[in-house]
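# Architecture and fold: a report
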Amino acid sequence: MSHKQTNLREAHAHLPQLGRSMSMLDLSACSSHSEMIDLIHTRAEQTPLGQWILCSSVRVEAWDEPSWPTRQQLDAATGDKPCCAWSFDYHAMVVNTPGLEAAGFNEVSPDPPRGRIMRDEHGPTGLLLESAALQVWAAVPEPDPAQRRTHILAALAHLGKLGYTQVHDLKSPAWLGPMLAEICDEGLLELSVELFVLINEFKEVQEQARGFERDQIRLGGAKVFVDGTLNSRTAWMLEPFVDPIAGLACGQAMLEPGELENMVEMVDGLGYPLAAHAIGDGAVRAVLDAIQAKQPGTRGFRIEHAEVIAEQDVARFVELGVIASVQPCHLLTDIEVVKRALGERASRVLPMREMIDAGLTPGELLLFGSDVPIVGADPEDSIQAAVQRRRVDMGEAEALAPDQSISVDEAWACFGE
Ligand SMILES: [Zn+2]
């Protein structure tokens, strides 16, 4: 259908997390407990005592027997070494007993707010959800500067191999700019990188930008989260979810009214655009409203994800000059979830035919990325999703809003200039 392309731009990546996940044991190919335990056992034998065994990309839902191994099964493979294994979407994790202890959990620990410790007759099973998983992750030592550098180099090499020459990092920590500058000055930086820094750290990083900016390294703007995600039913929706969380019929706005306008004004005053994470149509509209109200003079304001867009808001992107930075590849794993969560409204998910027809020019106002490492960064995945609106293994009738499909050329152009 399409051939290998080069000179691509990955418009939504997380370089530190990608690099770190590449250093972890990848369990994506496992399809059972025993395969997972075998791989972890081999890794445990190579891991020095006292160090964590970190694993990623478990996709239990895809197994014939979709249940997680228990902490006792992990313990048998790891001995005293702490071990944790993330689900592919980073919303769940299984942990062994030393790992639970390192995070301060015991047999009777209560669930932390916005988290779950799954239990059976022997106490915690080792499976943790949301904030409980994050509490374990917080107990894992942060990579040191040398490890970070290794991670960043690995992430850049990985993206380079996929044909990318430009990458936008959408939650850059303060150390990333200076580290990239060092890599660049040694002649080792082969990609151009644009950095988007969380809004509460933005001023501080902006003041240092002159020190780390190079031809290939640029501070791009400030990142803000306006809502949650469809998978967790925390995206901010105009209409209720079919299957909402109790008390959150339309998901969750992460900002108070007025806050977004203040942020638009603040970053515009510094001469930078905002990159706003907005997944639900309510969040997308709130960002457009704030930009319309403040009429920023800076170009490049963008909405990250923009997964659900109300029909009357599509043309507003063009009128206001707002970039839609989307990740069609997520459709491949999320089609079922989206249909379940949104019902009829699933037809408003990534209405790219309408967007292009309304004047969102591919590569200028409509950009493709992947959100790697949440999913893989292979550009072919987004091409498949944008053109076919379904996975390769699905029938045509299962496609999501196939009338929103765009052409192969249009889809590739979203990865270009
Ligand atoms: Zn992201």
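Rules of the game
- Residues numbered from 1 in each chain as written.
- Predicted model: local features only at pLDDT ≥ 70, side-chain atom pairs only at ≥ 80, totals over all residues.
- Heavy atoms only, no water.
- Domains from an automatic or database assignment.
- Pairing = 2+ DSSP bridges.
- Helix = DSSP H or I, 4+ residues; strand = E, 2+ residues; numbered from the N terminus.
- Axes fitted to C-alpha atoms, helices over the stretch in contact; angles between N-to-C directions.
- Contact = heavy atoms within 4.5 Å.
- Buried < 20%, exposed > 50% of the residue type's maximum accessible area, 1.4 Å probe, protein only.
- Right-handed = clockwise from strand over helix to strand, strands pointing away.
- Donors = N, O, S within 2.8 Å, 3.2 Å for Na, K, Ca; no water.
- Core = buried A, V, L, I, M, F, W, Y, C linked by side-chain atoms within 4.5 Å.
- Polar contact = N/O pair within 3.5 Å; in protein donor to acceptor, adjacent residues only side chain to side chain.
- Phe/Tyr/Trp six-rings, centres within 6.5 Å; stacked < 30°, edge-to-face > 60°.
- Lys NZ or Arg CZ within 6 Å of the ring centre and 35° of its normal.
- Parallel < 35°, antiparallel > 145°, perpendicular 65-115°, else oblique.
- Nonpolar A, V, L, I, M, F, W, Y, C, P; charged D, E, K, R; others polar.

### Digging into the domain arrangement of the protein chain
Considered domain by domain, the protein chain is made up of domain 1 (53-139) and domain 2 (145-413). Taking only C-alpha atoms into account, the centre of domain 1 sits 30 Å from that of domain 2.

### Here's the deal with the sheet that holds strand β1 (residues 8-13)
Sheets are built from strands paired through backbone hydrogen bonds, the pairs being either parallel or antiparallel. The parallel open sheet is built from eight strands, whose spatial order is β1-β8-β9-β10-β11-β12-β13-β14. Single-partner strands in this sheet number two, and they are β1 and β14 (366-368). Geometrically, the sheet is characterised by an average inter-axis angle of 25° between neighbouring strands, direction not taken into account. Both strand β13 (residues 323-326) and β14 contribute to a ladder of three bridges, which runs parallel. Counted as the bridge partner of S325 is L367 from β14. Against the sheet, helix α10 (residues 281-294) contacts β11 (274-278) and β12 (302-305), and its axis sits at roughly 155° relative to β11.

### Quick look at helix α5 (residues 131-139)
Taken residue by residue, α5 has S131, A132, A133, V136 and W137 as its buried positions. Contacts made by the buried residues of α5 are with α1 (15-23), β3 (53-58), β4 (83-87), β5 (92-95), β6 (115-120) and β7 (123-130).

### Digging into the pairing of β11
For β11, a buried count of five out of five residues is recorded, marking the element as mostly surrounded by other parts of the structure. Both faces of β11 are covered, namely the face carrying L274, A276 and A278 and the face carrying A275 and H277. As defined by bridge partners, strand β10 (residues 217-225) adjoins β11 across four bridges and the pair is classed as parallel. Of the residues in β11, the one forming a bridge with A222 is L274. Relative to β12, β11 is paired through four bridges, and the arrangement is parallel. Each bridged residue has a counterpart across the sheet, and for H277 the counterpart in β12 is E304. For the handedness criterion, the β-α-β arrangement of β11, α10 and β12 is classed as right-handed.

### Here we look at the coordination of the zinc ion
Protein-derived ligands of the zinc ion are H12 (NE2), H14 (NE2) and D371 (OD), with the metal-ligand distances lying across 2.1 to 2.2 Å. In the primary structure, the donors to the zinc ion are separated according to the pattern H-x1-H-x356-D. Just as H12 is buried, H14 falls in that class too.

### Section: the pairing of strand β9 (residues 192-198)
Most of β9 sits out of view: five of its seven residues are buried. Pairing of strand β8 (residues 164-169) with β9, which is carried by four bridges, proceeds in the parallel orientation. Paired with Q166 across the strands is S192, a residue of β9. By the bridge criterion, six bridges tie β9 to β10 in an arrangement that is parallel. Across the sheet, the residue bridging to E194 is R218, located in β10. Traced from β9 through helix α8 (residues 199-212) to β10, the parallel crossover comes out right-handed.

### A short note on the nonpolar core
Of all hydrophobic cores here, the largest spans 95 residues; its most connected members are L274, F317, L342 and F368. Looking at this core element by element, the count peaks at seven residues for α10. In this structure, I40, A44, C83 and L127 belong to the second largest nonpolar core, which totals 20 residues.

### As for the side chain of H277
Structurally, H277 can be placed in strand β11. Judged by relative accessible area, which is 6%, H277 ranks as buried. Polar contacts involving the side chain of H277 include one to the main-chain carbonyl oxygen of D227, which spans 3.2 Å. Apart from the residues lying within four places of it in its own chain, the contact partners of H277 are K223, V224, F225, V226, D227, G228, E304 and H305.

### With respect to the packing of aromatic side chains
In the structure shown here, the tally under the stated rule is six aromatic pairs. Each ring, one from W86 and one from W137, has its centre 5.7 Å from the other, and the planes form 70°; the classification is edge-to-face. A residue pair is termed long-range when its members are at least 10 positions apart, and W86 in strand β4 and W137 in helix α5 qualify at 51 residues. The structure contains a cluster of three or more aromatic residues connected by ring pairs, namely Y164, F368, W412 and F415. Its guanidinium or amino end placed over the ring of F88, R59 lies 3.6 Å from that ring's centre, counting from NZ or CZ. Stacked on the ring of F196, the Lys or Arg R302 has its end atom at 4.6 Å from the ring centre.

### Topic: the packing of helix α6 (residues 145-161) against helix α7 (residues 176-185)
In contact at an axis separation of 11 Å, α6 and α7 are set at 70° when each is read in the N-to-C sense. Here α6 lies roughly perpendicular to α7, going by the angle between them. Here α6 contributes P145, R148, R149, I152, L153 and L156 to the contact with α7, which in turn contributes L176, M179, L180, E182 and I183. Here the contact of α6 with α7 is built from residues that sort into eight nonpolar, no polar and three charged.

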